[in-house]
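Given next are the chains, with one letter for each unit.
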Amino acid sequence: MLGRKTQLLFILCLTTLPQQNVAEENTDGIGHHKPAQVVLDRHSPLTNYISKVKACQGGESLSPFSGNFTSPNYPSYYDNKLYCTWFIQMPNQGYIVNLTVIDRQLQYSHDYLYLYDGPSTNSPLLAALTGSMYFPTTYYSSTNTMFVVLETDDYGQEKGFRVNYTNAYPQKTTAPTVVSTTEMPDKACNGGEYIYSPSGYISSPNYPGNYADDLSCTWQIRIPNNNNNNNNNVIKLSISDFNVEDIFDFLNVYDGPSNNSPLIASWTGQYYVETVYSSSYNMFLLFHSDPVLALSGFKVYFESV
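I will try to describe carefully the structure that is included in this document. (Residues numbered from 1 in each chain as written. Predicted model: local features only at pLDDT ≥ 70, side-chain atom pairs only at ≥ 80, totals over all residues. Heavy atoms only, no water.)

### Notes on the overall build of the chain
Within the chain, the secondary structure is distributed over three helices and 22 strands. In the chain, the share of contacts with a sequence separation of at least 24, taken over all contacts with a separation of at least 6, comes to 77%. (Helix = DSSP H or I, 4+ residues; strand = E, 2+ residues; numbered from the N terminus. Contact = heavy atoms within 4.5 Å.)

### Remarks on the sheet that holds strand S11 (residues 145-151)
Across the sheet, which stays open at both edges, the five strands sit in the order S3-S5-S11-S7-S8 with mixed pairing between neighbours. Edge positions in the sheet fall to strand S3 (60-62) and strand S8 (125-129), since each has one partner strand and no second. Averaged over neighbouring strand pairs, the angle between their axes works out to 15° when direction is ignored. Note that strand S5 (residues 83-89) and S11 share seven bridges and pair antiparallel. Note that in S11 the partner of Ile-88 across the bridge is Met-146. (Pairing = 2+ DSSP bridges. Axes fitted to C-alpha atoms, helices over the stretch in contact; angles between N-to-C directions.)

### A closer look at the side chain of Asn-144
Within the secondary structure layout, Asn-144 lies in the loop between strand S10 (137-140) and S11. When residues no more than four places from it in sequence are discounted, the contact partners of Asn-144 are Ile-88, Gln-89, Met-90, Asn-92, Gln-93, Tyr-95, Ile-96 and Val-97.

### Remarks on the sheet that holds strand S18 (residues 263-267)
The strand order across the open sheet built from five strands is S13-S15-S21-S17-S18, with neighbouring strands paired in mixed fashion. The sheet terminates laterally at strand S13 (193-196) and S18, the two strands that pair on one side only. Across the sheet, the axes of successive neighbouring strands diverge by a mean angle of 15°, strand direction being ignored. Pairing analysis gives four bridges linking S13 to strand S15 (residues 216-222), with the strands arranged parallel. If you follow Tyr-196 over to S15, its bridge partner there is Arg-222.

### Focus on the state of the cysteines
Going through the model one piece at a time under the given rule, you end up with two disulfides. Covalently, Cys-56 is tied to Cys-84 through a disulfide, its sulfur atoms 2.0 Å apart. Taking the sign of the S-S torsion, about 90° here, the bridge from Cys-56 to Cys-84 comes out right-handed. Of this pair, Cys-56 sits in the loop between helix H2 (45-50) and S3 while Cys-84 sits in strand S5; the two residues are 28 residues apart in sequence, bridging distant segments of the chain. Judged by relative accessible area, which is 0%, Cys-84 ranks as buried. Here Cys-189 pairs with Cys-217 through a disulfide, and the sulfurs are 2.0 Å apart. Its torsion about the S-S bond being 90°, the disulfide of Cys-189 and Cys-217 is classed as right-handed. (Disulfide = S-S within 2.5 Å. Buried < 20%, exposed > 50% of the residue type's maximum accessible area, 1.4 Å probe, protein only.)

If you want it as structure tokens, here you go:
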């Protein structure tokens, strides 16, 4: 038998153990498993490290012709309640900013990476990114500046992001003749649709109503080459609206005439503004939906540039 003093000492030790990191696992209510959420001790060494990150303490200015940056503590978990900013400026007014998101793992619909086409949050919003993306995606400013914001809430963390940036020449666009493919959704989902046009809209079946379950729809885009300088045009693809089930439904964008071409984007969840470019006059889109949940879908715009 333990003496009374020994019992009291044992109870005291149990009640004063330091708080450990906590992982929670649950489901999203419709049968999908949700990833564990990690809760960090607010007094941990990670919190002390983040407090010293320049981008999260008034912002960081980046002015070389090229560079890279990450979320605090990447590839480990970032902290809650962050507001970090990066101001990118090319020294030459003749350049624009070419920014590529190499890796992005943010808590979906809670934590966001915002890209602004200019020097501040008052500039036009280029993209509001959340959730995960494991394939590089590139964004262009229209001037020599871009402003990047990471904002996290007070619940849960993920591994964050890594981006590269460099200088580029302004993208030249042509006035498009718009054609719509939204009136023929079944063709894309029954063998695929071939589009030969300088520009147009593509949407998920039944957009803006909910698309169906178990879809596999494809669009092969080919643009005419109208340049007189013997340089081939490329395809610029921009999101107008995007709302699909996160992770399980997705739109893949391939840099070429088929899904055997290099993958340049894989979009899932929700997006506001995002743009990618092909390297030739061909682009291939593949939309997949699973059997569980359908949402309002997507609408994208392509044009020859």
